[in-house]
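Examining the three-dimensional arrangement
Spelled out from the first residue to the last, the chains are:
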2 protein chains.
Amino acid sequence: MTVAVICGGVGAARLLTGLQRVIEPGEIVAIGNVGDDLELHGLHVSPDLDTIVYTTSGAVSTERGWGLEGETWQAMASLARYSPSPGSAAGDGGLEGAEGPTAALDWFSLGDRDLGTHLYRTHRLLQGAALGEVTAEIARAWGLGFHLLPVTDDRLRTMVTTADHGEISFQEYFVGHQHGVPVTAVRFDGAEVAKPGPGVLDALAQAERIVIAPSNPVVSIDPVLAVPGVRQAVAARRDDVVAVSPIVGGKALKGPADRLLTELGRDPSVVGVAEWYRDLIGTLVIDTVDAAEARRIEALGLRAVVTDTVMREPAITDALARALIGADS
Amino acid sequence: MTVAVICGGVGAARLLTGLQRVIEPGEIVAIGNVGDDLELHGLHVSPDLDTIVYTTSGAVSTERGWGLEGETWQAMASLARYSPSPGSAAGDGGLEGAEGPTAALDWFSLGDRDLGTHLYRTHRLLQGAALGEVTAEIARAWGLGFHLLPVTDDRLRTMVTTADHGEISFQEYFVGHQHGVPVTAVRFDGAEVAKPGPGVLDALAQAERIVIAPSNPVVSIDPVLAVPGVRQAVAARRDDVVAVSPIVGGKALKGPADRLLTELGRDPSVVGVAEWYRDLIGTLVIDTVDAAEARRIEALGLRAVVTDTVMREPAITDALARALIGADS
């Protein structure tokens, strides 16, 4: 069975570890989010793509859930030496004009080993390679068996409007403010003119199944869908599209999905997720703790599949992956 | 006494460690070479400026003579994972279009701690800061007591024409080929339109003494002099200018100065150095092993000062620094 997976970061990466065990990896096309990419100190950083590579290759730090096992932080310690005192000429050292938590130069941690990846990506992009090419090279270097395609080679950035700090980049919100500030709107800068990367629309048209990973619908999946043609390509396959709810028992497993849904006037529940995706998916997979909500999801015209969705251990992850492949009945 | 020091890398850095002990550091202006700067994987690297900062602050690796003590190399090991196989799409991974020793991505070693400096410099340059501003910030962060001015804020690159590889950048020659290939010409790309950095011409006009450090005359000192106005400013002070010969007993203490002089048709000796600098300097300091050459130097219209110039230990370095200050008689 061929599967296209629309991905955010950690949740998607974990799901892919199962999928690549239960079907032929070469039959999987992961379509990755680039809305949380950033240019930092001259380097191009793609956190969601790297999380997928590091996790599915088994190199991820299991303790942190991101970055590499055995990582060291010498470069950041050195960079911190140069962090300017407030009010100095270099006072906007973090992000351009940034104040608050991103003013320190080391607000976004880049591990020493991880830096090798960013140096490579930046090097190749400066040589004129497309992000998709570079991503394929990085995936190959880590021995990935599945295809990993950034949704676009073009610049697309998730921008978050906050009540207190105006519009800030996704990483300023997510890392700088530790997603602890209220959000009033989300926008995908550059999306209007971005083109789907090579292979993306083909994968969505040809896959027997399209999976929407249990990633944040608002800031991880939506930037992928925002690339012109992608949302339509998914909607055209609605009956073959299955999403895994990132909300379990009214809470996000990780990150601010529940709060974001609430702040944007939605229901932070599996029903809210079903409503969010209703024009795109035929099936929503929900956790057993939410079994009682299956009927409300079906009332929206979707199938509901109830199973363990919290990927605590490989057996659960693999069972979830199998459920996704059989989830059309 | 106020002193302006025209600097290359290691030899200049070592001399400055002595000068800052024997005179008030705030009275010293070091004018640094940027001809060996490079843009590497998106980062701006200034090897000579960093060697001066790391050495004079006592942080340099005494074993290597460059880079930081206690350095680690995780980022390079990670980058090497991505080094492409020859002939692949990414086969020109090292320098743009490079072949041979610079084709591997990790041909120029960037230590993890050192990377913090390059991340900072690049960050600030992308913010629009001038190289001189950033250099002052870096110097301040390491507690330097003297002034360190890049000779120019503009782009200036030492280019080396080799018999076998055509024209290559200084670092391709020096690090990539380990300065082991014959050179037919040296050129300073960008020099014609470069402007002296803020303070450079003032320092040369106002210093009581101008010192030319025992650095490579051809590829370390000449790029500094190549910035319009600098050579003239030095020549105008000829009687107050003292150089330390980087050639001792017919050999360069470090690097290819002796071979470069020979390849460019010069004499690889203290007399060759005297001839190279004769329009610029009033005094040449030579090592005791070259004492017999003093008369030939004086025959060129220069004063010759004979002393220990090999800075094996602080006492010798300090004595050399003192000789430079008193070397007008």
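Up top is the structure these notes are about.
A few points on the structure.

On to the nonpolar core, then. Counting 214 residues, the largest nonpolar core has Leu 204 of chain A together with Leu 204 of chain B as the members making the most contacts within it. In this structure, Leu 204 of chain B is in contact with Ala 4, Ile 6, Ile 31, Ile 210, Val 230, Ala 233, Val 234 and Arg 237 of chain B, ignoring residues within four places of it in sequence.

Residue and element names in this part refer to chain B. Of all the residues in helix 5 (residues 131-141), the buried ones are Leu 131, Val 134, Thr 135, Glu 137, Ile 138 and Ala 139. On its buried face, helix 5 is in contact with strand 4 (43-45), helix 2 (47-56), helix 4 (112-126) and strand 5 (147-150). One or two residues past the end of helix 5 sits Gly 143, with phi positive at roughly 75°.

Residue and element names in this part refer to chain B. In the contact formed by helix 4 and helix 5, the axes pass within 9 Å of each other and the chain directions differ by 140°. Handedness of the helix 4/helix 5 crossing: right-handed. In this structure, helix 4 contributes Thr 117, Tyr 120, Arg 121, Arg 124 and Leu 125 to the contact, and helix 5 contributes Leu 131, Glu 133, Val 134, Glu 137 and Ile 138. Residue classes in the contact of helix 4 with helix 5 are distributed as five nonpolar, one polar and four charged.

A word on the pattern of salt bridges. All names here are of chain A. On inspection of all chains with the given rule, the structure shows 26 salt bridges over all chains. The partner of Asp 189 in a salt bridge is Arg 187, and the shortest N-O contact between them spans 3.1 Å. Given a relative accessible area of 38%, Arg 187 falls into the partly exposed group. Each of Glu 39, Arg 155, Arg 157, Glu 167, Arg 187 and Asp 189 takes part in a single network of salt bridges with overlapping partners.

Attention now moves to the relation of the copies chain A and chain B. For the pair chain A and chain B, the superposition axis carries a translation of 0.0 Å, the fit reaches an RMSD of 0.0 Å, and the rotation angle comes to 180°. The operation mapping one copy onto its partner corresponds to a two-fold rotation axis. Take the interface residues of chain A: 100% of them recur as interface residues in chain B, which is what a same-surface contact looks like.

Moving on: the interface of chain A and chain B. Counting residues at the interface gives 36 residues for chain A and 36 residues for chain B. Our enumeration of links across chain A and chain B arrives at zero salt bridges. Across the contact surface, chain A and chain B share 14 residue pairs in polar contact (both at pLDDT 80 or more). For the side of chain A that touches chain B, the leading source of residues is helix 4 (residues 112-126) of chain A, giving eleven residues. Partitioned by chemical class, the residues of the side of chain A that touches chain B number 15 nonpolar, 13 polar and eight charged.

Once that is clear, we can look at the side chain of Thr 135 of chain B. Residue and element names in this part refer to chain B. You can see Thr 135 is positioned in helix 5. Residue classification places Thr 135 among the buried positions, given a relative accessible area of 3%. Apart from the residues within four sequence positions on either side, Thr 135 is in contact with Leu 49, Leu 148 and Pro 150.

About the thresholds
- Residues numbered from 1 in each chain as written.
- Chains lettered and ligands numbered in written order.
- Predicted model: local features only at pLDDT ≥ 70, side-chain atom pairs only at ≥ 80, totals over all residues.
- Heavy atoms only, no water.
- Core = buried A, V, L, I, M, F, W, Y, C linked by side-chain atoms within 4.5 Å.
- Buried < 20%, exposed > 50% of the residue type's maximum accessible area, 1.4 Å probe, protein only.
- Contact = heavy atoms within 4.5 Å.
- Helix = DSSP H or I, 4+ residues; strand = E, 2+ residues; numbered from the N terminus.
- Axes fitted to C-alpha atoms, helices over the stretch in contact; angles between N-to-C directions.
- Left-handed = near helix turned anticlockwise from the far one by under 90°.
- Nonpolar A, V, L, I, M, F, W, Y, C, P; charged D, E, K, R; others polar.
- Salt bridge = Lys/Arg side-chain N within 4 Å of Asp/Glu carboxyl O.
- Least-squares fit on C-alpha atoms with pLDDT ≥ 70 in both.
- Polar contact = N/O pair within 3.5 Å; in protein donor to acceptor, adjacent residues only side chain to side chain.

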